[in-house]
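Listed here are the chains, written in short residue letters.
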Amino acid sequence: MRNEFIFSTGGDWDTTSLTSGGYSIEAAQLYVELRAGRDDWGDEVEGGIWEGAELTALIRPAEDPMAPYDIFPGRITMEFPGYTIIMENQHPMVDMRHLRIWFNGEDITDRVVDIVVDINAVDSFVQAYASVYKSRFLLRDEVITYNIL
């Protein structure tokens, strides 16, 4: 069975939900951290996951937070006010070459630098941001960070 999750928030706890297959999941924490697009010295470069990537993506269920389960292989859609992030990796061994990332409908797989989403209901802590590499023809390249929550 394929994992497919939808996380949605309007910006507060009352509007926050996590579902899978149409069923609500009571979660203590949703944690997604992707680090990619860096050279051998840790500097951001164009190339996204093709320059190497590290990914942690898990859900800690409310009934047993010490027994987290992995999101991948699968797909997660994360909907925030003004932003949508979709991450998908259906490879059985979660081979990073099969990871795809969309940010507000745009495929950023080859430009992603960081995606961090930490929604922790137990500690009432939320953090979400995405960093994307933007190359420029005549100007200096830059990394744009979107503070989502």
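Please refer to the structure higher up on the page.
Everything in this summary refers to the structure shown in the same document. Please read these numbers as outputs of a predicted model, since none were measured by experiment.

Quick notes on the overall build of the chain
- Across its full length, the chain carries 0 helices and 13 strands.
- The N-to-C order of helical and strand elements in the chain reads β-β-β-β-β-β-β-β-β-β-β-β-β.
- By the compact-globule yardstick of 15 Å for 149 residues, the chain fits well, its C-alpha radius of gyration being 16 Å.
- Considering only C-alpha atoms, the chain reaches an extent of 50 × 35 × 25 Å along its principal axes.
- With an accessible surface of roughly 8400 Å², the chain has 49% of that area assigned to carbon and sulfur atoms.

Looking at the nonpolar core
- Leu30, Ile71, Met78, Met87, Ile101, Ile115 and Val117 are the most contacted members of the largest nonpolar core, which has 31 residues in total.
- Listing elements by their share of this core, those giving two or more residues are strand E1 (3-8), strand E4 (27-36), strand E5 (53-61), strand E7 (74-80), strand E8 (83-89), strand E9 (100-103), strand E11 (112-120) and strand E12 (125-134).
- Those residues in contact with Ile115 that sit more than four places away from it in its chain are Val32, Glu33, Leu34, Ile85, Met87, Ile101, Tyr129 and Ala130.

Remarks on a nonpolar patch on the surface
- A cluster of nonpolar side chains, Trp13, Val126 and Leu149, forms an exposed patch at the surface whose accessible area comes to about 250 Å².
- For Leu149, the location among the structural elements is in the segment after strand E13 (142-147).
- When its relative accessible area of 37% is taken as the criterion, Leu149 is described as partly exposed.

Considering the pairing of E4
- The buried fraction of E4 amounts to 8 of the 10 residues, a majority that puts the element mostly inside the structure.
- The pairing of E4 with E5 spans 9 bridges and is antiparallel. The partner of Glu33 across the bridge, within E5, is Thr56.

Observations regarding the pattern of salt bridges
- Tallying each qualifying case throughout the model produces 6 salt bridges.
- Where Asp114 meets Arg38, a salt bridge forms, and the shortest distance between an N and an O atom there is 2.9 Å. Here the residue Asp114 occupies a position in strand E11, and Arg38 occupies one in the loop between E4 and E5, the gap between them amounting to 76 residues.
- A residue is classified by how much of its surface remains accessible, and Arg38, at 24% relative accessible area, is partly exposed.
- For Asp95, the salt bridge identified is with Arg97, shortest N-O distance 2.5 Å.

Looking at the sheet that holds strand E3 (residues 23-24)
- Ordered in space as E3-E2-E1-E7-E8-E9-E10, the 7 strands form an open sheet in which the pairing is mixed. Of all the strands in the sheet, just E3 and strand E10 (106-107) have a single pairing partner and so form its edges.
- By the bridge criterion, 4 bridges tie E1 to strand E2 (residues 17-20) in an arrangement that is antiparallel. Counted as the bridge partner of Phe7 is Leu18 from E2.

Concerning the pairing of E11
- Counting buried residues along E11, 9 of its 9 residues qualify, which places the element largely inside the surrounding structure.
- Pairing analysis gives 8 bridges linking E11 to E12, with the strands arranged antiparallel. Bridge pairing in E12 links Asp114 to Ser131.
- Connecting E11 to the antiparallel partner E12 that follows it, the hairpin turn spans 4 residues, and Ser124 within it adopts a positive phi of roughly 50 degrees.

Criteria and thresholds
Residues numbered from 1 in each chain as written. Predicted model: local features only at pLDDT ≥ 70, side-chain atom pairs only at ≥ 80, totals over all residues. Heavy atoms only, no water. Helix = DSSP H or I, 4+ residues; strand = E, 2+ residues; numbered from the N terminus. Rg over C-alpha atoms; globule rule 2.2 N^0.38 Å. Areas by Shrake-Rupley, 256 points an atom, 1.4 Å probe, with all protein chains shown as cover. Core = buried A, V, L, I, M, F, W, Y, C linked by side-chain atoms within 4.5 Å. Buried < 20%, exposed > 50% of the residue type's maximum accessible area, 1.4 Å probe, protein only. Contact = heavy atoms within 4.5 Å. Patch = residues over 30% accessible without salt bridge, like charges linked within 9 Å, V, L, I, M, F, W, Y side chains within 5 Å. Salt bridge = Lys/Arg side-chain N within 4 Å of Asp/Glu carboxyl O. Pairing = 2+ DSSP bridges.

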